[in-house]
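Observations on the model geometry
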Amino acid sequence: MTIGPNSRRTPAHIARPKPAERGARTSAMIASLDAEGRDTIAAPFGHALVDLAKTRSDIVGLTADLGKYTDLHIFAQAYPDRFYQMGMAEALLMSAAAGMAREGFTPFATTYAVFASRRAYDFIVMAIAEENLPVKIVCALPGLTTGYGPSHQATEDLAIMRGMPNMTVLDPCDAVETDQATRAIADYPGPVYMRLLRGKVPNVLGEYGYQFELGKAKEIRPGNDVLFISSGFMTMRCLDAAAALEKDGVSCAVLHSPTIKPLDEATICAEAAKGGRLVVTAENHSITGGLGEAVAGALARNQVHVPFRQVALPDEFLDAGALPSLHDQYGLSVASITTRVKGWLND
Amino acid sequence: MGEVQGQGYIGQALGSADVLAVSYFHAMRYRPGDPDWEGRDRFLLSIGHYAIALYAAMIEAGILPEDEIETYGMDDSRLPMSGMAAYTPGMEITGGSLGHGLGIAVGMALGLKRKKNDAFVYNMLSDGELGEGSTWEAVMGAAAWKLDNLIAIVDFNNQQADGPTMDALATGPGTEAAKWQAFGWHAEEVDGNDIAAVVAAFDRARNLTDPKPRAIICNTKMCKGVPFLEEREITHFVRVEPEEWAKALAHLDTEMPE
């Protein structure tokens, strides 16, 4: 073994094709998730919180210098006296949220997923989770939703949060679900970690008559050949992949499981146990410790023996770049899912 | 309690006993039979391993029954070795992981202000916790939010697990108050084993009118009151032999009659 610079990267002295020749794209750091022509709804979390606050004086909002980037600024504008700017201080953000919860309030604490899961872990564990306090930790930029590279890509946040006793972990799909889930967790008496899609958020589940229920996985689309079990925006990717695969005669069901913990093992195992379908989990997260491994564990514990594959990010620190390119590169795009599912079916 | 285990954070307990006595028998508002009374002053022990000292104070205050002393640190006890809120009436937070208390205190102080509750939040922290970055996040946050209902009590005994705190990151007696003042706090240093001085410092902290949080840096002596323990070199975690307990108790009884 040699010790030296990270060999994964192309050394600077080796010529690379110019970006334009590679068809490279760029995207802004704070771009909304690519909606690919869908309807969008602006800041569903912020607006839902404002709506809740009208009747609930216990709701307060805290952030660590990321109010504008977690849609909490909508709440801050509507209720300035219930908004607490904690500065660039995530330990304080979580501890102060715990203190306010102890005094009877329902704090929504927002930051980026990397800063909550990595930097503030001990503070979430000891001040919030161990005490089972009703603090709602709502985090933007989960998984691969920015091209800024590992400093901002929380590819392991679900694994980290799943490991924490008492913590409920949510990965909503779209604007409709973000709105519904925000209202549901406000009523839930314990701590919650919720991944946030912010800015202009696609509107997908509305057309399916979907209703979020904490702890429940729901079938969005039936199908006979493949059972996608997905969370977060990967559910919309699976729905698009299912439509594409249908044209090739492959029938895909999509079971959306926004609650990563506690996982809806009963529904997932019952759907998988119907048999005759390739089970494919799809998540915007590392292959280690997220939805896929949670589902695999549930299937194994319940003696459900079925063909099983995972669509997930690799267990690597990811590249920086444009988000659509990165989703292609790391297998989260509709085209990538479609190609791989066909391959797996022919294995 | 320490005798049951034969060892423990006895040095810290003896060193901070005077400050706890002033807290519970001079400064704080509480109802012994109703530890969750909304009007109580909140006392947050971020140094969870000092729990033995706080249990003693709460037993004296009538918050905890005296006969539970014997269960300290045992299975199924409400008095675990490190202080935890879920176990013990009157214990406001789970401490032990250092650098947490003051941040939670900031949130509680903000919450009390929202409720227009005039109670104080006291956070007792240790000199070792001044090395934790999170403590300084909370110091800044408290000043930014003008939390005049928050009083930090720093037990400065100059001992942390690996040796003197002043060999680590803390700047030490004589300079510590200036650091807090520079961060926007009222801060003063006192001899934490001089009851009259501590009483006066608590009175000043409670009666200031400036919208600033308050810090009292209490310079204390580990194992205070038991000379043969005070002389020990390593006092972070003290083992006391069975025959020494009697000697220690006899000395305390002589020096501090009822």
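This write-up is about the structure you can find in this document. As the structure is a computational prediction, the values presented were derived from the model and not from experiment.

Description of unusual backbone geometry
- For the bond running from K261 of chain A to P262 of chain A, omega is -5 degrees, close enough to zero to count as cis.
- Relative to the helices and strands, P262 of chain A resides in the loop between β12 (259-261) and α9 (265-273).
- One non-glycine residue, D76 of chain B, adopts positive backbone phi at about 65 degrees.
- Summarising the element assignment, D76 of chain B is placed in the loop between α3 (51-61) and α4 (101-114).

Digging into the interface of chain A and chain B
- Tallying the contact residues gives 24 residues for chain A and 25 residues for chain B.
- Carbon and sulfur atoms make up 62% of the surface buried where chain A meets chain B, a total of about 2000 Å² over both sides.
- Remark: the boundary between chain A and chain B carries 3 salt bridges.
- One salt bridge connects E103 of chain A with R42 of chain B, and the closest N-O pair in it is separated by 2.8 Å.
- At the junction of chain A and chain B, the tally comes to 13 residue pairs in polar contact (both at pLDDT 80 or more).
- For the side of chain A that touches chain B, the secondary-structure elements that each account for two or more residues are β3 (83-85), α3 (90-102) and α5 (121-129) of chain A.
- Top element by residues in the side of chain A that touches chain B is α3 of chain A. It accounts for 8 residues.
- Grouping the constituent residues of the side of chain A that touches chain B by class yields 13 nonpolar, 3 polar and 8 charged.

Comments concerning the pattern of salt bridges
All names here are of chain A.
- Applying the stated rule across the entire model yields 29 salt bridges over all chains.
- Linking R56 and D187 is a salt bridge whose minimum nitrogen-to-oxygen distance equals 2.9 Å. Here the residue R56 occupies a position in the loop between α1 (44-55) and β2 (59-63), and D187 occupies one in helix α7 (residues 175-187), the gap between them amounting to 131 residues.
- On the basis of relative accessible area, R56 is assigned to the buried category, the value being 18%.
- The partner of E265 in a salt bridge is R301, with the nearest N and O atoms 2.7 Å apart. Residue E265 is found in helix α9, and its partner R301 is found in helix α10 (residues 291-301); the two are separated by 36 residues along the sequence.
- Residue R301 is classed as exposed on the basis of its relative accessible area, which comes to 55%.
- If you follow the salt bridges from partner to partner, you end up with D51, K54, D179 and R183 in one network.

Section: the sheet that holds strand β5 (residues 186-191) of chain B
Residue and element names in this part refer to chain B.
- Here 5 strands make up an open sheet; going across it, the order is β2-β3-β4-β6-β5 and the pairing parallel. Each edge of the open sheet carries a strand with a single partner, namely β2 (42-45) and β5. Each neighbouring strand pair of the sheet contributes to a mean axis angle of 20 degrees, computed without reference to strand direction.
- Of the pairings in the sheet, the one linking strand β4 (residues 150-156) to strand β6 (residues 214-219) comprises 6 bridges and is parallel in character. Bridging across to β6, I153 finds its partner in I216.
- Along the sheet face, helix α2 (residues 10-27) touches β2, β3 (121-126), β4 and β6 and points at about 175 degrees away from the line of β3.
- Contacting β3, β4, β5 and β6, helix α7 (residues 195-207) crosses the sheet at an angle of about 170 degrees to β5.

Considering the nonpolar core
- The biggest cluster of nonpolar side chains holds 151 residues, and the ones touching the most others in it are I137 and F228 of chain A together with L150, W180 and W185 of chain B.
- Looking at this core element by element, the count peaks at 9 residues for α3 of chain A.
- If we skip the residues at most four places from it in the chain, F228 of chain A touches C238, A241, L245, C252, A253, V254, L255, V280, I337 and V341 of chain A.
- Within the second largest apolar cluster, 38 residues are counted, among which are A13, L20, F43 and Y122 of chain B.

As for the packing of aromatic side chains
- Applying the stated criterion across every chain, the model contains 12 aromatic pairs over all chains.
- Look at Y84 of chain A and W145 of chain B: their rings are 5.0 Å apart centre to centre, the planes differ by 45 degrees, and that puts the pair in the tilted class. Here Y84 of chain A, found in strand β3, pairs with W145 of chain B, found in the loop between α5 (133-144) and β4, and the two come from separate chains.
- For W145 of chain B, a relative accessible area of 28% puts it in the partly exposed group.
- With a centroid separation of 5.9 Å and 25 degrees between ring planes, the pair formed by Y122 of chain B and F202 of chain B is classed as stacked. Taken together, the positions of Y122 of chain B in strand β3 and F202 of chain B in helix α7 put the pair 80 residues apart, joining distant regions of the chain. Pair check on accessibility: Y122 of chain B and F202 of chain B agree, each one buried.
- These aromatic residues form a ring-pair network of at least three members: W136, W180, F183 and W185 of chain B.
- For R82 of chain A, the ring lying beneath its charged end belongs to Y79 of chain A, and the centroid distance is 4.7 Å.
- The cationic tip of K247 of chain B hangs over the ring face of F228 of chain B; the distance from NZ or CZ to the ring centre is 4.2 Å.

Parameters at a glance
Residues numbered from 1 in each chain as written. Chains lettered and ligands numbered in written order. Predicted model: local features only at pLDDT ≥ 70, side-chain atom pairs only at ≥ 80, totals over all residues. Heavy atoms only, no water. Helix = DSSP H or I, 4+ residues; strand = E, 2+ residues; numbered from the N terminus. Contact = heavy atoms within 4.5 Å. Buried area = accessible area lost by both parts, 1.4 Å probe. Salt bridge = Lys/Arg side-chain N within 4 Å of Asp/Glu carboxyl O. Polar contact = N/O pair within 3.5 Å; in protein donor to acceptor, adjacent residues only side chain to side chain. Nonpolar A, V, L, I, M, F, W, Y, C, P; charged D, E, K, R; others polar. Buried < 20%, exposed > 50% of the residue type's maximum accessible area, 1.4 Å probe, protein only. Pairing = 2+ DSSP bridges. Axes fitted to C-alpha atoms, helices over the stretch in contact; angles between N-to-C directions. Core = buried A, V, L, I, M, F, W, Y, C linked by side-chain atoms within 4.5 Å. Phe/Tyr/Trp six-rings, centres within 6.5 Å; stacked < 30°, edge-to-face > 60°. Lys NZ or Arg CZ within 6 Å of the ring centre and 35° of its normal.

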